[in-house]
Amino acid sequence: MSEYICTLCPRECHAVRQDRSGQGFCGMGLLPKVARAAPHYWEEPCISGTKGSGTIFFSGCVLSCVFCQNYCISQEHHGKILTVDELTEVMKALVRQGVHNINLVSPTPYIESLLACFAQYRPPVPIVYNTGGYEKVSTLQRLEGLVDIYLPDFKYLRGDLSLKYSRAADYADYVQPAIREMVRQTGKPVFDEQGILQKGTVVRHLILPQNTKNSLAVMETLQRAFGDSILVSLMGQYLPMGQAAQYPEINRRLTKREYEKVRNRYDELELEGFVQELSSADEQYVPAFSDDDPMKGVTEG
Ligand code: SF4
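First, a word on scope: everything that follows refers to the structure included in this document. Computed from a predicted structure; not experimentally measured.

A look at the pairing of strand β10 (residues 197-206)
Counting buried positions along β10 gives seven out of ten residues, so the element sits mostly inside the fold. Across two bridges, the pairing between strand β8 (residues 149-152) and β10 is parallel. Bridged to Tyr-150 within β10 is Thr-201. Sheet topology note: the strand β9 (residues 190-191)/β10 ladder contains two bridges and is antiparallel. Note on β10: the bridge partner recorded for Phe-191 is Leu-197.

Quick word on the site of the ligand
Near the ligand you find Cys-6, Leu-8, Cys-9, Glu-12, Cys-13, Arg-17, Gly-24, Phe-25, Cys-26 and Val-62, and these make up its full shell. Classifying every residue of the shell around the ligand by side-chain character gives seven nonpolar, one polar and two charged.

Description of the packing of aromatic side chains
Tallied over the full model, the rule gives eight aromatic pairs. For the ring pair Tyr-129 and Tyr-150, a centre distance of 5.8 Å and an interplane angle of 70° mean the geometry is edge-to-face. With Tyr-129 in strand β7 (residues 127-131) and Tyr-150 in strand β8, this residue pair connects regions lying 21 residues apart in the sequence. An identical accessibility class is assigned to Tyr-129 and Tyr-150; each is buried. Aromatic pair Tyr-165 and Tyr-247: ring centres 5.9 Å apart, planes at 70°, arrangement edge-to-face. Separated by 82 residues along the polypeptide, Tyr-165 in helix α6 (residues 159-166) and Tyr-247 in the loop between β11 (231-235) and α9 (256-268) bring together distant segments of the chain.

Quick look at unusual backbone geometry
Residues other than glycine seldom take positive phi values, yet Glu-12 does so here, at roughly 40°. Mapping Glu-12 onto the fold places it in the loop between β1 (3-6) and β2 (15-18). Here Glu-12 falls in the partly exposed class, since its relative accessible area comes to 37%.

Things to note about the nonpolar core
Counting 39 residues, the largest nonpolar core has Phe-67, Tyr-156, Tyr-165, Ile-179, Met-219 and Leu-222 as its most contacted members. Among the elements of the structure, α6, α7 (171-186), α8 (212-226), β11 and α9 are those that each provide at least two residues to this core. It is α8 that provides the largest number of residues to this core, a total of five residues. Those residues in contact with Met-219, other than ones at most four positions away along the chain, are His-205, Val-232, Leu-234, Val-262, Tyr-266, Leu-269 and Leu-271. With 33 residues, the next largest nonpolar core counts Val-99, Ile-111, Tyr-129 and Met-182 among its residues.

Focus on the packing of α7 against α8
Put simply, α7 and α8 touch, their axes get as near as 12 Å, and they point 45° apart. The orientation of α7 relative to α8 falls into the category oblique. For the pair α7 and α8, the crossing hand works out as right-handed. Where α7 abuts α8, its residues Gln-176, Ile-179, Arg-180 and Val-183 lie against Thr-221, Leu-222, Ala-225 and Phe-226. When its residues are assigned to classes, the contact of α7 with α8 shows five nonpolar, two polar and one charged.

Thresholds, definitions, all that
Residues numbered from 1 in each chain as written. Predicted model: local features only at pLDDT ≥ 70, side-chain atom pairs only at ≥ 80, totals over all residues. Heavy atoms only, no water. Buried < 20%, exposed > 50% of the residue type's maximum accessible area, 1.4 Å probe, protein only. Helix = DSSP H or I, 4+ residues; strand = E, 2+ residues; numbered from the N terminus. Pairing = 2+ DSSP bridges. Near = heavy atom within 4 Å. Nonpolar A, V, L, I, M, F, W, Y, C, P; charged D, E, K, R; others polar. Phe/Tyr/Trp six-rings, centres within 6.5 Å; stacked < 30°, edge-to-face > 60°. Core = buried A, V, L, I, M, F, W, Y, C linked by side-chain atoms within 4.5 Å. Contact = heavy atoms within 4.5 Å. Axes fitted to C-alpha atoms, helices over the stretch in contact; angles between N-to-C directions. Parallel < 35°, antiparallel > 145°, perpendicular 65-115°, else oblique. Left-handed = near helix turned anticlockwise from the far one by under 90°.

Taken by themselves, the reported measurements are silent on function.
Shown next as structure tokens:
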């Protein structure tokens, strides 16, 4: 690919993107920049299982969350640029290692490369599309039949919050149609006999300090709009990372009271899925990234 005018995500930058550079909001070229590829054991139990999720962390992001725990790759763009053939080899190596799935984290800027990769290699395990939820339906439609599991966030319902913390005032306009399209493609969750997810949509919500009203509204919206056609993963592991120190109200961990308020509503609404304990907020769960050897976690089996 030589030169490309990009409208892949709701930002619709119309930016010129070349193989190794890009002038859009995400700042990325068309070739995938990868900061880590390895079995990952800290996703939801039905994703990580016992053998790990074959997770590929891409550099760059269409959002810009000030509290991002992967800030050094999402916004500082650490990582190594790979060719499509090299990305294909990474997926093959992860599969040989026995992972339950291939888990693509923040993949949207690289859809052209991913489609080229899947044209030459279809992994024999489910493909997980792990995204912040700020997606265009027309872009997701290009993934139909390729993605087995969608793992979107539903971060905010209020535009003032999404503008302040993720520079995306229109986040709430996009996230629900995006999830609807994901559910249309995957159908209801399907598990194998070991309880590992094979198809479906798992919506994540991270509770932010001082913002429990937003979390309650997101829980209620998910129940009303999607019922039992999705799984909901409630995340209580917030840590003040990235630029959170510049926002005093979110520059702390969740309190037990905040966590329990949202968790109780989750239970009252009888949402199906996973609830992360408050005690899982620990920096040891933040993976190590690399500029020169993102594949050092992949060993040949
Ligand atoms: S993927 Fe990047 S360049 Fe393309 S529209 Fe989105 S932010 Fe802009």
